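# Structure at a glance
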Amino acid sequence: MTQEEKLLIVHGQLGRTILKTRPDEWRNGAGFVPGVARLGIPELFETDASLGVVNAKNRRKGDVATAMPSTLATAASFDTALAYRGGAMIGAEARAKGYNVMLAGGANLVRDPWAGRNFEYFSEDVLLTGAMAGSAIAGVQSNRIVSTLKHYVLNAQETGRTVMNATIDEGALRDSDLLAFRIALEVGQPGSVMCGYNKVNGDYNCESRHLLTDVLKNDWGYSGWVMSDWGAVHSTVKSANAGLDQESGEELDAQPYFAAPLAEAVRSGKVAQQRLDDMVLRILRSLIATGVLDDPAPSTPQSIDYAANSVVALEAAEKGIVLLRNRDNMLPLAAGARRILVVGGHADKGVLSGGGSSQVRSAAGPDLEIPLPTENPLSAFTGISYHPSSPLDEIRKLAPDAQVSFMDGADPQAAADAARSADFVVVFAHQWRSEALDLDTLALPDGQDELIAGVAAANPDTAVVLETGGAVEMPWLGDVGAVLAAWYPGQRGGEAIARVLFGLANPSGRLPISFPASMSDAPRPAPPGLNMVNEARERAKKSGIMDPAGIANAVPSFDVPYAEGADVGYRWYARESRQPLFPFGFGLSYTSFEYQALRIERAEKPIAHVTVTNAGARSGTDVVQIYANVALQGGAILPRLVGFGRVDLAAGESKSISIPLDLRLMASFDAASGQWSTPDGPVEVTVSRDAMTPIMKTRLHL
Ligand code: BGC
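Bear in mind the structure is a predicted one, so any value in this text is a computation, not a measurement.

A separate point is the pairing of strand 7 (residues 192-195). Neither face of strand 7 is left uncovered, since the one carrying S192 and M194 and the one carrying V193 and C195 both have all their residues buried. Examined bridge by bridge, strand 5 (residues 146-152) and strand 7 share three bridges and lie parallel to one another. Across the sheet, residue Y152 finds its bridge partner in strand 7, namely C195. Of the pairings in the sheet, the one linking strand 7 to strand 10 (residues 225-228) comprises four bridges and is parallel in character.

Moving on, we get to the site of the ligand. Surrounding the ligand, one finds 13 residues, the nearest of these being D48, R117, H151, Y197 and D229. The contact in question runs from an oxygen atom of the ligand to an N or O atom on the side chain of D48, over 2.5 Å. Between the ligand and D229 there is a distance of 2.7 Å, counted from an oxygen atom to a side-chain nitrogen or oxygen. Protein burial of the ligand: of its 310 Å² of free accessible surface, 91% is covered by the chains.

With mixed pairing, the four strands of this open sheet are ordered in space as 9-8-6-20. In the strand order of this sheet, the two ends are held by strand 9 (203-204) and strand 20 (559-561), each with one partner. Bridging between strand 6 (residues 165-167) and strand 20 involves three bridges; their strand directions are parallel. Within strand 20, the residue paired with N165 across the bridge is D559.

Turning to the packing of aromatic side chains, a few remarks are in order. Applying the stated rule across the entire model yields 11 aromatic pairs. Three or more aromatic residues joined by ring pairs form one cluster here, namely F78, Y570, F584, Y627 and F644. The ring of F45 has R27 lying over it, and the distance from NZ or CZ to the ring centre is 3.8 Å. One Lys or Arg, K199, reaches over the ring of Y204 and ends 5.0 Å from the middle of that ring.

With that out of the way, let us pick up the packing of helix 14 (residues 412-420) against helix 15 (residues 448-458). As a packed pair, helix 14 and helix 15 sit with axes 8 Å apart at the nearest point and diverge in direction by 25 degrees. What the angle tells us is that helix 14 and helix 15 run roughly parallel. Where helix 14 crosses over helix 15, the handedness of that crossing is right-handed. Here P412, A415, A416, A419 and R420 of helix 14 lie close against helix 15, whose contacting residues are L451, G454, V455 and A458. Residue composition of the contact of helix 14 with helix 15, by class: seven nonpolar, one polar and one charged.

The next point concerns the pairing of strand 18 (residues 462-468). Along strand 18, seven of the seven residues are buried, which leaves the element largely enclosed by surrounding structure. Across the two faces of strand 18 the burial is the same, with T462, V464, L466 and T468 and A463, V465 and E467 all buried. Across seven bridges, strand 17 (residues 424-431) lies against strand 18 in parallel orientation. Bridge pairing in strand 18 places V426 opposite A463. For the handedness criterion, the β-α-β arrangement of strand 17, helix 15 and strand 18 is classed as right-handed. Inspection of the sheet shows strand 18 paired to strand 19 (residues 482-485) by four bridges, in the parallel sense. Paired with A463 across the strands is A482, a residue of strand 19.

What counts as what
Residues numbered from 1 in each chain as written. Predicted model: local features only at pLDDT ≥ 70, side-chain atom pairs only at ≥ 80, totals over all residues. Heavy atoms only, no water. Buried < 20%, exposed > 50% of the residue type's maximum accessible area, 1.4 Å probe, protein only. Helix = DSSP H or I, 4+ residues; strand = E, 2+ residues; numbered from the N terminus. Pairing = 2+ DSSP bridges. Near = heavy atom within 4 Å. Polar contact = N/O pair within 3.5 Å; in protein donor to acceptor, adjacent residues only side chain to side chain. Areas by Shrake-Rupley, 256 points an atom, 1.4 Å probe, with all protein chains shown as cover. Phe/Tyr/Trp six-rings, centres within 6.5 Å; stacked < 30°, edge-to-face > 60°. Lys NZ or Arg CZ within 6 Å of the ring centre and 35° of its normal. Axes fitted to C-alpha atoms, helices over the stretch in contact; angles between N-to-C directions. Parallel < 35°, antiparallel > 145°, perpendicular 65-115°, else oblique. Left-handed = near helix turned anticlockwise from the far one by under 90°. Contact = heavy atoms within 4.5 Å. Nonpolar A, V, L, I, M, F, W, Y, C, P; charged D, E, K, R; others polar. Right-handed = clockwise from strand over helix to strand, strands pointing away.

Quick look at the structure:
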C-alpha cells in the first residue's frame, strides 16, 4: 500500500457525507470509510446496530428493518443461542442492505438504574453481559461482516457523556467492566472495538494507552482494530500512540485528527510509521478474518423476508418477559373471562421503543411517533416511537368471546370506574429512555402510578405490563394482582405480551438487572453532574451556541467516582444490605422448579451438576443460576453469577444439567502484581432462585 492508501483507511466520515459526491448512494448509514479499489480493499459502510438495522431520519426513504426487543429483553432470556440468532438475523439484514460493519455489541455494565442507554445494554452482571454480547456479535459476524464491541469502557451514564471522567480503582475495573468486555471478546471475536466518549481515570477512552494498548491489545492479545465513537477523538498524536486505529465520523470532531494531521504527525516522526502500519494491518486483518474481503456485501439492496425474520423478534420478546408478581395465580388469564379492560400505554397502537442511535424503523409498518417538544435538546436527534404491534388487538385475538374494551388512561377516575365492572384489568405502563438522556426519577412518568393505584383499588384483579428501558419504582406493587416486565419488546411485542398473559407462552425471563426499591438505594442516587450540565447548556444557548456539538463542548469535565468498584448491581445491594424490590435473576413462572443433588465436578474448568424438577402442572423453562460467594478487591464476600443455563421441562419432568463455571469470576485482579488471585479457602457455591435467594449450597476447592 502507498502511504496515501494507508492514510485513507484510518479515518471515516459520517455516512451521509457520501451523498455530496454520490447522491444516489443508498448505503448512507452512520459511517463511511473509503476503500482502495486497486487492491480490492472494500469501502466500509457502517450502520447501527444492536436492535436492528437503523435508518436514521428516514434518509433511505421508506427503508425498514426487523426490530428486535431491547437488549435488556434479550438478555432476560439468559439464552445465548437466542442472542446469536438475533445477531445473525440483524447481520443478515445489514448485509442485504449493503453494510459490512455493524456498530453492535453494546456491553457496558448497567451500573446506574437511571441511565438512559440501559435498554441498549445486557445487564449489571459480568458473565451474563459477556456471554450474551459475545454471542450476539458472533451472530452478526456469521454474515461475513464486522461487528463492533462497544463502548469501551465505563460509558455508564449519558449526563455529560462526552466529558465525564469515570474514576475507579484499577483492580475493580479489571474485575468488572473489563472482564465483561474480555469475555465478550473471547466469545464473539469482534472485528473491531469502539472506544467510548468518556474519560476513565483522567484519560479519554480513545486516547488511553493503558486501556487500548496495555490491556486490550497486549494483555488480552486483541488483534482487531479500535475505532472511535462518533465525535470521541480529541487529538492526533496522543490518540494514535495510545492505540486508536481509526477515527470515525470525523466531521464531528474538532479536527479531522486522523486525516491530514495524522499524515503530518507520521511525517514528522511524532507517530511512528510502524504505528500507522499497525493500524492498517489491524483493519485489514479483521476484514479478512470476518470474510468481508473475500465475500463482499452486495452493493445494491437485496430482498429480505421480513416475515420470516420477525420470528426471532417474537421469540426474544416472549423469552425476555419477566413475571414479577402473580398473586393467587391470577395469570394466565382465564380464556373464559367475559369482560377485560385494557388501559393506557397506547396499547391500542403498539409497543414502546427506546430513543437514539439504536432506534429502528419497524418492518411491521409505520410506527406511532410522538415528536419531542422542540425545546427539548434531543428533539432533532430522536422521538418517542411505538412499534405497531398492538397488545389490545392481540388480546382481542386470544379472547374472541370476551368483551375487551380500551381506555387510554388519561382520565384515571374514568378508568377506575370502568375497572369495577371488569373481570380483569390490564394496565400498560411506559417509561421512555433514550441515548443522550438519563432519567432523574425511577417513578413512572405522566401520573401512571396514580392511574395504576386507582384502578387496582377498584379491581384487585389488575395486571400491570411494564414497557420500560430498565428499573422502575412500584409503589402500588402490593395492590395489583400481577406484574410483567416486557421491556421494550420490539416489533412483535404486542403478540408476545398477549401470549404470556393467556398462558400460550409460559414466562421464562429472569431480571438481568436489579430493580431497587427506590432510586436513593442506588450507588449514585441521581445522575452526577446533571445540574451542572443543564446550567452549562443554558449558558451556551444564551450566548447563541445552538448546535449540539457546541452545546456539548460547553460542559466542563467532571469526575464520577465508581466507589462500588466491582460490586456492581446485586453485589452492591447485598453489600449495603439494601433489599431491592426485585433482585437480579428474579422471575416467576406459571409452574415451579425444584433443585436436587448439586455437586461440582473438579475438571480443569469446574462443572456444576444439578437436577432440576418441574414440580408444577405445566411445561416450562427454568434458568438455573449458579453463584459463588466471593470477595473482590478484598471487600465483602458476596454472591456472583459464575454459570447459568436454560432448561425446558414438561410437567413433572426432571433433568440433570451441567454448567461449566468460569474460574475468573471467582478471582480478583491484583493491580500491583498484574496477577489474578484466587481465594485461599474453599468457595461456597450455590444454586439460587435469584442473586439473593440461594436454594442449595456446596463447596469448591480452588
Ligand atoms: C453512539 C454509538 C453509535 C454512533 C454512530 C454514537 O453517538 O454512542 O453507539 O454507534 O453514535 O451512530
